[in-house]
Number of protein chains: 2
Amino acid sequence: MTIIRKYDKVLLEHGSGGLLSNELIAGSFLPHFSNPYLERLEDSAILTIGNQKLCFTTDSYVVSPIFFPGGDIGSLAVHGTVNDLAVCGGKPLFMSTGFILEEGFPFASLEKIIASMAEAAKTAGVKIVTGDTKVVPRGAADGIFINTSGIGIVEYEGSLSVKSIKAGDVIIINGTIGDHGAAIIKSRENLGMEAEVISDSAPLNGLISEILKANPNIHCMRDATRGGLGAILAEIAQSANIQINIAEQFIPVQDNVRGICEILGLDPLYLANEGKMVLFCPSADAPNVLATMQKHELGKAAAIIGNVATGTQGRVVLKTSIGGERIVDLPTGELVPRIC
Amino acid sequence: MTIIRKYDKVLLEHGSGGLLSNELIAGSFLPHFSNPYLERLEDSAILTIGNQKLCFTTDSYVVSPIFFPGGDIGSLAVHGTVNDLAVCGGKPLFMSTGFILEEGFPFASLEKIIASMAEAAKTAGVKIVTGDTKVVPRGAADGIFINTSGIGIVEYEGSLSVKSIKAGDVIIINGTIGDHGAAIIKSRENLGMEAEVISDSAPLNGLISEILKANPNIHCMRDATRGGLGAILAEIAQSANIQINIAEQFIPVQDNVRGICEILGLDPLYLANEGKMVLFCPSADAPNVLATMQKHELGKAAAIIGNVATGTQGRVVLKTSIGGERIVDLPTGELVPRIC
């Protein structure tokens, strides 16, 4: 059972994707908005309208800086919402955009962002069909915030949910972790590093469509965004009441990302990704799923990183490279605000 | 044809719902996002998924102050999106919420707003099924911004669109104009006025459902929000290439709203509403539509305010109370930023 602490004021950590984010949802939102759609707490709501099974999701993007190696707030706003639909088995169809602009925001930047959104939407095969723009006086917002909401159609027959995860399931990731977080941090700080770090921001719907076509037994998928792989797995372990075992040596991390983490004392497990998903499936299916992933551009570095064990419920155990073990908790504090 | 002026920086007026808002859409968004769904430029996109006709809309809310007589940013965020669905003939079903919070925002205010949203959603019969919260550092936003996106199902058989408006159509409004704008202005300024002014923020889906049930020949509906009745009619006149004639004496305005307008030199025609819709229908149907409206709580002060004439295309002509005539243009400038 979650213990809800009460705060007088909102902290940065309430937006971290970690412990206080979950407390905010459980303590403030759910008691008022309670309904079966929302209570699933997956990346998208699953809706049945007539005989159509749809998914619906929303995210606001406040990333700083708005332009970064590998993307910008516009492409990120498309990819993030596309991915939230795709990991729920949805084929993304339609998207809305809500812009909040600060008076004085440069039109050149706005048009670059709009062009980038359009390009990202085209690549992902999703149509931007409705929108809204508000302008607030100088100082009332920082440049530009973008909300996107998305609608997809769910054609996959299986039930994709943390509730479908079973002991023995294998956990697969589609590539290296922490690239987006490291790219944003490097854009902000002068680390005296030459090596370029590029965000992994990308639409996962193509990859996921290939996986689902070839594998009828996928149990659960999640994109590992805010809070990184560590937060997502800790949340899943709690929510599904399972023990997750992962091994550090199998988790792909790029050298330059590891370098940034060493300089700043960060753990790549908790760095945000914007083009990474974790997938749970029966061990018998894992080789086929892995092969499907590795054939796709966005899954070349896919790897099996662990499994679901019959152990202590609600926790993630990491076997470290030097042979030790540690618990991966939900992150506390907010190391990198405005990561997405 | 719209002449698009280019600006270096975003002005407050680009969010006004007036001339520069339209230029922003036509000059910056449409060239990139162009598709038949978006180009309708109605309050919601109409989507066909399988055999279902759905509508989809989004709005961000940045109103200041966040609590005002008659509502708050939470109820407003529900009503605004419910109304955008309803005027397109949609029965609102599902809604998303995206919160952007400033670090330090009081939890007491947040919980009051969440409770207010939940209450408004319940009244409107819509379910909040998915959400997101971001927190930005102190100074990077002003308190709280809320995005809501909504999905509705369109059951009305008629084609509700500015394109369906015909010469001879009668124009009906469901009540007094300018209440929301006046309430916000009065909350901000010390006008030395005793009389309370209460926002008209309300969900129009119940009223609209009654109207559509009883009247198969409605041509077009719009809610008259940002920019007020004047902006909406000017936009419709341009977009449908028609002349609209309205008579000042028939447009309902409360005395206290008129009072505020006189003190500040504002025109109630351009003050925002959050519970008002204009409707276009054949004159033969107008008595029945008006009667249906007046039977409903939110249509008691409904009135016929004008008609569609065969005159100069693309303009709105107001017959003033003292017998003169003037053109109602799209508003320029932004008299009341952060009205919604």
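Residues numbered from 1 in each chain as written. Chains lettered and ligands numbered in written order. Predicted model: local features only at pLDDT ≥ 70, side-chain atom pairs only at ≥ 80, totals over all residues. Heavy atoms only, no water.

Chemist: Please explain the packing of helix 4 (residues 107-124) of chain A against helix 1 (residues 19-33) of chain B as it appears in this structure.
Modeler: Between two packed helices, the angle of one axis relative to the other and the distance separating the axes together describe the packing. One can describe the packing of helix 4 of chain A onto helix 1 of chain B by two numbers: an axis separation of 8 Å at closest approach and a directional angle of 30°. In terms of their interaxial angle, helix 4 of chain A and helix 1 of chain B are classed as roughly parallel. In this structure, helix 4 of chain A meets helix 1 of chain B at a crossing whose hand is right-handed. Residue-level inspection shows F107(A), L110(A), E111(A), I114(A), A115(A), M117(A) and A118(A) of helix 4 of chain A in contact with helix 1 of chain B, the latter providing L24(B), G27(B), S28(B), F29(B), H32(B) and F33(B). (Axes fitted to C-alpha atoms, helices over the stretch in contact; angles between N-to-C directions. Helix = DSSP H or I, 4+ residues; strand = E, 2+ residues; numbered from the N terminus. Parallel < 35°, antiparallel > 145°, perpendicular 65-115°, else oblique. Left-handed = near helix turned anticlockwise from the far one by under 90°. Contact = heavy atoms within 4.5 Å.)

Chemist: Which parts of the structure should I look at to understand the interface of chain B and chain A?
Modeler: You'll often see interface size given as the accessible area lost when the parts meet. Contacts between the two partners involve 78 residues from chain B and, on the opposite side, 78 residues from chain A. Both sides of the chain B and chain A interface together cover about 6,700 Å² of buried area, and 71% of this is carbon and sulfur. Contact with chain A buries surface across chain B, with V10(B), F33(B) and F107(B) losing the most and accounting together for 11% of the total. Where chain B meets chain A, there are six salt bridges. (Buried area = accessible area lost by both parts, 1.4 Å probe. Salt bridge = Lys/Arg side-chain N within 4 Å of Asp/Glu carboxyl O.)

Chemist: Would you explain the domain arrangement of chain A in this entry?
Modeler: Residues and elements named next belong to chain A. When its domains are assigned, chain A resolves into domain 1 (35-154) and domain 2 (162-328). The partner domain 2 presents 23 residues to the 22 residues of domain 1 that form the contact. Approximately 1,800 Å² of surface area, both sides summed, lies buried where domain 1 meets domain 2, with 54% of it carried by carbon and sulfur atoms. Considering only the surface of domain 1 that becomes buried against domain 2, P69, N83 and V87 emerge as the three largest contributors, covering 29% of it. (Domains from an automatic or database assignment.)

Chemist: Teacher, can you tell me more about the sheet that holds strand 7 (residues 144-154) of chain B here?
Modeler: Hydrogen bonds along the backbone pair up the strands of a sheet, which may run parallel or antiparallel. Residue and element names in this part refer to chain B. Taken in spatial order, the five strands make up an open sheet running 1-2-7-5-6, and their pairing is mixed. Across the chains shown, the open sheet's two edge strands, defined by having one partner strand only, are strand 1 (45-49) and strand 6 (127-136). In this sheet, adjacent strand axes meet at a mean angle of 20° when their direction is disregarded. Of the strand pairs in this sheet, strand 5 (residues 90-102) and strand 6 are connected by nine bridges, and their pairing is parallel. Within strand 6, the position partnered with G98 by the bridge is D132. (Pairing = 2+ DSSP bridges.)

Chemist: Quick question: what am I supposed to make of the pairing of strand 7 of chain B here?
Modeler: All names here are of chain B. In terms of residue burial, strand 7 counts as a mostly covered element, since eleven of its eleven residues are buried. By the bridge criterion, eight bridges tie strand 2 (residues 52-61) to strand 7 in an arrangement that is antiparallel. Residue pairing across strands places T58 opposite S149, the latter belonging to strand 7. Where strand 5 lies against strand 7, eleven bridges are found, and the strand directions are antiparallel. Among the inter-strand pairings, K91 is bridged to a residue of strand 7, identified as I153. (Buried < 20%, exposed > 50% of the residue type's maximum accessible area, 1.4 Å probe, protein only.)

Chemist: I'm lost on helix 5 (residues 179-188) of chain A in this one. Help?
Modeler: For the α-helix, the turn length of 3.6 residues means that residues three or four positions removed from each other point alike. For helix 5 of chain A, the tally of buried residues reaches eight of ten residues, placing the bulk of the element in the interior. Check the buried side of helix 5 of chain A and you find it contacts strand 3 (67-68), helix 3 (73-86) and helix 8 (255-264) of chain A.

Chemist: Can you help me understand the relation of the copies chain B and chain A in this one?
Modeler: For the pair of chain copies, the relating operation is a rotation around an axis with a shift along it. Of the transformation placing chain B onto chain A, the axial shift is 0.0 Å and the rotation is 180°, giving an RMSD of 0.0 Å. As the rotation angle and translation indicate, the two copies are arranged about a two-fold axis. If distances are taken from each C-alpha of chain B to the rotation axis, the shortest is found for A141(B), at 2.1 Å. The residues that chain B uses at the interface reappear at the interface of chain A in 100% of cases, marking a shared surface. (Least-squares fit on C-alpha atoms with pLDDT ≥ 70 in both.)

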